[in-house]
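Per-entry structural report
Listed below are the residues making up each chain.
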Amino acid sequence: MTTAELTSSLEPGSTIRRWRLPFSPWHLVLVPLTFVLIVPLLWMVVTSLQTQGEANRFPPVLVPHDPRIANYADAWHTAPFGTFFLNSTVVALVVVVSNLVVCSLAGYAFARVRFLGSKALFLVLMATLMVPFQVTMIPVFLIVKWFGDNVSTYLGIDHLGALMLPNLATAFGIFFLRQFFQTVPVELEEAARVDGTSRLGVLFKIVLPLSMPAMSTLAALTILTSWNDFLWPLIVITNADQMTVPLGLSYFQGAHQTNWPLLMAGNVMSLVPMLVVFVVAQRYFVQSVAGTGLKG
Amino acid sequence: MAEVEFRGISRRFGDVQALHSLDLAVADGEFLILVGPSGCGKSTALRLLAGLDKPTSGEILIAGRPVTRSGPGERDIAMVFQNYALYPHMSVFQNLAYGLRQRRTPRAEVNRRVHETAVLLDIDELLDRKPRQLSGGQRQRVAMGRALVRRPQAFLLDEPLSNLDAKLRTQVRGDLKRLHREVPVTSIYVTHDQVEAMTLGDRICVMSNGEVQQIGTTDDIYNRPSNTFVAGFMGSPPMNLVPGEVRGGTVRVAGAALADLPSPDRPVTVGFRPEDLRIGGPWESRSVPARIDFCEPLGSHVLVHALVDADGTGPEGTPSNVIAQAPPGTAYDSGARVGFSVAAGKTYVFDAETGQAAPPPARDRVITA
């Protein structure tokens, strides 16, 4: 291109043509990723509506000829799903309430209270986040067994207490709330103290009401973790009366044959409460994650 | 209401000594201003008084009662914070009532006092709103109301006007003065703004590097500064401070005799305020020779910036910047030669090494140009 041509193309009124996608380029990454994530879920729903024959066929049947809604009723009656749901709900509620209380107290102490060794203690706490559960599994089992033998039977092996005890507070919960509490302006707490509020009063009357996004997020994450936990219940629970939903689903998994349609129907049913929790808490997820990312 | 006293209060943060043995007494109902540059220890002193921090040594008394080891809630004081610190999840009413409810005040009494305070501060229409729905000025008044409603022994105010724009600041300053007249509670007000300090306080405590430089009325601080720091900090523009000397009982700057001072010959720092300077031609006798740098017209007056070869060493010496306040319409070309003369009794002399004001004040023996 000569200088004259270049000059004329840049003259006022001349338009520079730019090729634009009709959507954000990010969609080129996000759409395939969403597809990858959603396929297993769709497959689960499809399988839950198939017959045993269709589920075992190869190539797989993508659309069942005669969708079997009855699989859901069969799954519910084949295994004591009501008990599983009740157990999961009780464990999740106790763990959530306990996490919110204990983690908020500990998180506030780490965020605001100056005490000897607080930094070292916090580092140790953070270090525990890096230890895989498989490493601590046996010691935790022994501790829970000791509690069952020496403190209360209800806390021991084959009881719901065994599912609650190791999860009453988590290092992640303490870390998560500490980060959020650090974003609450300290002047608010000082104003409350000048107004005659105790340390605990400041936490419960000022800091916690302002930390609802973080508390809701922690509650939702704790419910999800507790509800979906499979390995720990598998280790400590053998009695069907004490089983939670994920463990109960193993009813449909035999040594020689697995009833896939009923297993998937059970899976779909176990997923519904979690979907509700996620949809309700989604707004707070964004707020709290954005908030903790800003400071701390 | 009560008197407040700091007795030898020190506060150290690691290697930094924020306060050096502060001794300060605030009378019952007095409005005391703590003023100084950033990091001078004024906010530290206020936080120690509020109980939000503990002193390294010393004692604090409120109404004669030692409170050094008491928590903030036990001191019966109220504090207005720089960013107001209104509880965002509570309405204005709840913000005002919070302190009273913490002290288990009966519900009817809470309602009565909140409404009384709201009327006094003209925020009675805002009681149902949340802080985020208020303007800066309204938030400031709610913060004041939260302090007032408790009827504490003392008010502590930590730069409460610094978040307001210039116009609103002037208005709220007047409101504060009026409010203190109507409710004369002992008040300690921290600011770095000298206009607030000089207009609001019964007395001013000027601080620097964790030490009290001078305590006195606005008149004392402005007209009888105890050292070069106070002289240079208070006043806008501040006092001109130039090197000079005492020779033969006369204070001289750049060879010009400004005042009599019966003192041994020695180098001194000479001070004069911009409004006390008169600008004349360079040929005038007994005037300080200077060269015009630039002029700043401000409508009501003109600030003339000039360079004085103050140590009299000639053009090689380091010139001192001097600001003079001249009548409106004054104009000089940059580089023009002029002579400054100082109004009678308005020359200040400070020791060149310590910066302390030279006794007796030189202004009583002034020779005018």
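Remember, predicted model here, so these are calculated numbers, not experimental data.

1. Some points on the overall build of chain B
The number of helices and strands found in chain B is 8 helices and 20 strands. Across its three principal axes, chain B shows a C-alpha extent of roughly 80 × 45 × 35 Å. Split into buried and exposed, the 369 residues of chain B put 45% on the buried side. Partitioning the intrachain contacts of chain B with sequence separation of at least 6 by distance along the chain shows that 65% fall at a separation of at least 24.

2. Things to note about the nonpolar core
Ranked by internal contacts, the top residues of the largest apolar core, which has 164 residues, are B:Met79, B:Leu156 and B:Ile188. Top element by residues in this core is helix α5 (residues 81-112) of chain A. It accounts for 10 residues. Counting contributing residues per domain, this core is built from domain 1 (4-228) and domain 2 (237-365) of chain B, each supplying no fewer than three. What B:Met79 contacts, discounting residues up to four positions off in sequence, is A:Ala191, A:Val194, B:Ala50, B:Ala147, B:Leu156 and B:Asp158.

3. Observations concerning the domain arrangement of chain B
All names here are of chain B. Domain annotation of chain B identifies domain 1 (4-228) and domain 2 (237-365). A separation of 39 Å is found between the C-alpha centroids of domain 1 and domain 2. Classifying every residue of the side of domain 1 that touches domain 2 by side-chain character gives 1 nonpolar, 3 polar and no charged.

4. Some thoughts on the sheet that holds strand β14 (residues 266-272) of chain B
Residues and elements named next belong to chain B. Ordered in space as β13-β12-β11-β14-β20, the 5 strands form an open sheet in which the pairing is antiparallel. Lying at the two open borders of the sheet, with one neighbouring strand each, are β13 (256-260) and β20 (348-351). Looking at each pair of strands side by side, their axes are set apart by 40° on average, direction ignored. In the sheet, β14 pairs with β20 via 4 bridges, with the strands oriented antiparallel. Residue pairing for β20: Gly271 is matched across the bridge by Tyr348.

5. Focus: the packing of α5(A) against helix α9 (residues 171-181) of chain A
For any two helices packed against each other, the geometry comes down to the angle between their axes and how far apart the axes lie. Residue and element names in this part refer to chain A. One can describe the packing of α5 onto α9 by two numbers: an axis separation of 7 Å at closest approach and a directional angle of 55°. Taken as axis vectors, α5 and α9 run oblique relative to one another. Both α5 and α9 take part in a crossing whose hand is right-handed. Every residue of α9 that contacts α5 at Asn99, Cys103, Ser104, Ala106, Gly107, Tyr108, Phe110, Ala111 and Arg112 is listed here: Gly173, Ile174, Leu177, Arg178 and Phe181. For the contact of α5 with α9, a count of residues per class yields 8 nonpolar, 4 polar and 2 charged.

6. Brief notes about helix α11 (residues 199-210) of chain A
Residues and elements named next belong to chain A. Its 12 residues place the ends of α11 16 Å apart at the C-alpha level, agreeing with the 16 Å of an ideal helix rising 1.5 Å per residue. Among the residues making up α11, those that are buried are Val202, Leu203, Ile206 and Val207. The arc enclosing the buried residues of α11, seen along the axis, measures out at 130°, which places them on a common side. On its buried face, α11 is in contact with α5, α9 and α10 (186-194).

7. Observations concerning the packing of helix α6 (residues 118-128) of chain A against α9(A)
Residue and element names in this part refer to chain A. The N-to-C vectors of α6 and α9 enclose an angle of 125°; their axes lie 9 Å apart at closest approach. Between α6 and α9, the interaxial angle falls into the category oblique. Taken as a pair, α6 and α9 cross one another with a handedness that is left-handed. Of the residues in α9, those touching α6 at Leu125, Met126 and Thr128 are Ala171, Ile174 and Phe175.

8. Quick word on the interface of chain A and chain B
Across the boundary between the two partners, chain A contributes 13 residues, which contact 17 residues of chain B. At the level of elements, α10 and α11 of chain A are the ones that each hand at least two residues to the side of chain A that touches chain B. No other element matches α10(A), which puts 6 residues into the side of chain A that touches chain B. For the side of chain A that touches chain B, the class distribution of residues is 7 nonpolar, 2 polar and 4 charged.

9. Here's the deal with the pairing of β13(B)
All names here are of chain B. Judged from the 4 bridges that link them, strand β12 (residues 250-253) and β13 form a sheet pairing that is antiparallel. Across the sheet, the residue bridging to Val251 is Ala259, located in β13. Between the antiparallel neighbours β12 and β13 lie 2 residues, among them Ala254 with a positive phi of about 50°.

10. A closer look at the sheet that holds strand β7 (residues 154-158) of chain B
Residue and element names in this part refer to chain B. A sheet is described by the order of its strands in space; here 6 strands give the open sequence β6-β7-β8-β3-β9-β10, paired in mixed fashion. At either end of the open sheet lies a strand with only one pairing partner, and these are β6 (77-80) and β10 (211-216). Averaged over all neighbouring strand pairs, the angle between strand axes comes to 20°, with direction disregarded. Judged from the 4 bridges that link them, β6 and β7 form a sheet pairing that is parallel. Paired with Val80 across the strands is Leu157, a residue of β7. The strands touched by helix α4 (residues 136-148) are β6 and β7; relative to β6, the strand with the most contacts, the crossing angle is about 175°.

11. Thoughts on the environment of B:Pro72
Looking at where B:Pro72 falls in the secondary structure, it is placed in the loop between β5 (65-66) and β6. Along the primary structure B:Pro72 and B:Gly51 are separated by 21 residues, whereas in three dimensions their C-alpha atoms are 4.5 Å apart. Those residues in contact with B:Pro72 that lie beyond four places of it in its chain are A:Arg193, A:Val194, B:Ala50, B:Gly51 and B:Leu52.

12. Quick look at unusual backbone geometry
A cis geometry characterises the amide bond from A:Phe58 onward to A:Pro59, with omega recorded as 0°. Position of A:Pro59 relative to the elements: it lies in the loop between α3 (52-56) and α4 (70-78). B:Ser236 connects to B:Pro237 through a cis peptide bond whose omega is -5°. Tracing the backbone through its elements, the reader meets B:Pro237 in the loop between α8 (228-233) and β11 (240-247). The phi dihedral of B:Ala85 is positive, around 50°, even though this residue is not glycine. Note that B:Ala85 resides in the loop between β6 and α2 (92-102).

What counts and how
Residues numbered from 1 in each chain as written. Chains lettered and ligands numbered in written order. Predicted model: local features only at pLDDT ≥ 70, side-chain atom pairs only at ≥ 80, totals over all residues. Helix = DSSP H or I, 4+ residues; strand = E, 2+ residues; numbered from the N terminus. Buried ≥ 20, exposed ≤ 12 C-beta atoms within 10 Å, placed from the backbone. Contact = placed C-beta atoms within 7 Å. Core = buried A, V, L, I, M, F, W, Y, C linked by C-beta atoms within 7 Å. Domains from an automatic or database assignment. Nonpolar A, V, L, I, M, F, W, Y, C, P; charged D, E, K, R; others polar. Pairing = 2+ DSSP bridges. Axes fitted to C-alpha atoms, helices over the stretch in contact; angles between N-to-C directions. Parallel < 35°, antiparallel > 145°, perpendicular 65-115°, else oblique. Left-handed = near helix turned anticlockwise from the far one by under 90°. Expected span 1.5 Å × (residues − 1). Arc of directions from axis to C-beta.

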